[in-house]
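So the chains spell out like this:
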Amino acid sequence: MRFFLALSFFFGYVSVSFATCTSNLQSEIKNLSNEIHSEYLSHTKGKHGIKNFEKERTNEALFIEGDDKVIVMFHGFMASPREMLPLAKSIHQELGHSIYIPMIRGFGAVSEINEKYNFEHWRQGVSHNIALVSKCFSTIGVIGYSIGAGMLVDHLLSNELSPKVKSVALLSPFFKGHSWQVPALGTTVSKSMLNLVRYVLRVERVKLTTVDKIMRGKYKDLQVLIDDPDTYTQSFSVISGKALMDITKALKSKDNNMTSELPTFLAYSKSDQTISWRFARRYVDRHFTNVEDTYTLEKDLSIPHEIVVPNSELNPTYTELYQRINAFLSRTM
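Just so we're clear, the structure is a prediction, and the values are computed from it rather than from any experiment.

### Some remarks on the confidence of the model for the protein chain
Any region with low pLDDT has predicted coordinates that should not be read closely. Averaged over all residues, the pLDDT of the protein chain equals 88, while 88% of them reach at least 70. Here residues 3-14 is modelled with pLDDT under 50, and outside its nearest four sequence neighbours on either side it reaches zero contacts, counting other chains as well. Low confidence marks residues 181-202, where pLDDT is under 50. Its contacts with residues over four positions away, or in another chain, come to 31 contacts.

Written out as structure tokens, the structure reads:
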């Protein structure tokens, strides 16, 4: 009888401790959002903070409390945590896991704020936010989309990785940009070109609608962003574009012997006009030794870069992707 009383006390204590820890964690996440919001206001002399701060459609970091396993999700370029929310809800409803979607510093607001932050800020944010949830959760799954995946891989192939991380999903991973040509210049986008745009042509930012007109609507990856100005920044910052290239530089600098044995899920579209999916595929094959599932959207489907975003017209296959991710997490968490 005493044994069962002791056992019930132990599990009751663990439950209370976990509840206390997650409550404290949510307070820390909110404090971090307040800090970032204040930074943004400071950078823009009070004009711009996190978009829709403390409103229903906020771009702040998001936390969904569930069981004692947590999925940390990193959003894409020019985006905000809201971008990952549909997938997060699917995982939470299907598997019951807790979800944390941090804000990558510099995003979730306007392009003037993007350019105040660089690759090192993004890199520190990944390690900090994984460490943050490690205080409460002993089992962590990580999901990165677009630059979120690029930054995540940079972290996974470092010496800082927490042993609590058990699986990884890489969705449309930005390891290297797509090599489409700039018609007017006949050259691929590079740092030298971005410097030309900034210092010679005196252009700091370019509106997405302007790019769409120049490309005559052929750059389909833009449409999801243009259609949702609450979630996505509507101007491309030239300075941030240079920071993107630092992701590629960092990943290329990794020694070929640096590998991860984590169970890995990879998904990409062959119609992606933002990333080089071939480079991403080769990189994952070289550095991840336990790729459990690869979900490839063939070119005839014409699915754009934003494979995680529900869109009945541009991305009608998203439910199948969600199911594959849930099945992968169920096996590996």
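From this point, things continue past the structure.
### A word on the pairing of strand S10 (residues 264-269)
Within S10, six of the six residues are buried, which leaves the element mostly enclosed by the surrounding structure. Residues Thr264, Leu266 and Tyr268 line one face of S10 and the alternating positions Phe265, Ala267 and Ser269 line the opposite face, and both faces are buried. Pairing of strand S5 (residues 165-171) with S10 involves four bridges; the strand directions are parallel. Its bridge partner lying in S10, alanine 169 is registered against phenylalanine 265. Pairing geometry for S10 and strand S11 (residues 291-297), over six bridges, is parallel. Opposite phenylalanine 265, over in S11, you have aspartate 293 as the bridge partner.

### A word on helix H11 (residues 318-332)
Relative to the 21 Å expected for 15 residues at 1.5 Å per residue, H11 spans 21 Å between its end C-alpha atoms, a close match to the ideal helical length. Where H11 is concerned, the buried positions are Leu321, Tyr322, Ile325, Asn326, Phe328, Leu329 and Thr332. Along H11, the residues classed as buried sweep out an arc of 160 degrees about the axis, all on the same side. Lining the buried residues of H11 we find strand S2 (69-74), helix H2 (85-95), strand S4 (139-145), S5, S10 and S11.

### Quick word on the sheet that holds S11
Either a parallel or an antiparallel arrangement is found when strands of a sheet pair, and the pairing is made through backbone hydrogen bonds. Reading across from one edge, S1-S3-S2-S4-S5-S10-S11 is the order of the seven strands in this open sheet, with mixed pairing throughout. Only two strands of the sheet have a single neighbouring strand rather than two, namely strand S1 (62-64) and S11. Each strand of the sheet is rotated relative to its neighbour by a mean of 15 degrees, with strand direction disregarded. Relative to strand S3 (residues 98-101), S2 runs parallel, the two sharing three bridges.

### Concerning the packing of helix H4 (residues 119-134) against helix H9 (residues 238-252)
The contact between H4 and H9 brings their axes to 9 Å, and the two run at 60 degrees. Classified by the angle their axes make, H4 and H9 are oblique. From H4, Phe119, Trp122 and Arg123 reach across to H9, where they touch Ser240, Ala243, Leu244, Asp246, Ile247 and Ala250.

### A look at the environment of asparagine 118
Structurally, asparagine 118 is set in the loop between helix H3 (111-114) and H4. The class of asparagine 118 is partly exposed, set by a relative accessible area of 36%. Linking asparagine 118 and lysine 242, residues 124 residues apart in sequence, is a C-alpha distance of 8.8 Å. Polar side-chain contacts of asparagine 118 include one of 3.0 Å to the backbone nitrogen of glutamate 120.

What counts, and where the lines are drawn
- Residues numbered from 1 in each chain as written.
- Predicted model: local features only at pLDDT ≥ 70, side-chain atom pairs only at ≥ 80, totals over all residues.
- Heavy atoms only, no water.
- pLDDT = per-residue confidence, 0-100.
- Contact = heavy atoms within 4.5 Å.
- Buried < 20%, exposed > 50% of the residue type's maximum accessible area, 1.4 Å probe, protein only.
- Helix = DSSP H or I, 4+ residues; strand = E, 2+ residues; numbered from the N terminus.
- Pairing = 2+ DSSP bridges.
- Expected span 1.5 Å × (residues − 1).
- Arc of directions from axis to C-beta.
- Axes fitted to C-alpha atoms, helices over the stretch in contact; angles between N-to-C directions.
- Parallel < 35°, antiparallel > 145°, perpendicular 65-115°, else oblique.
- Polar contact = N/O pair within 3.5 Å; in protein donor to acceptor, adjacent residues only side chain to side chain.

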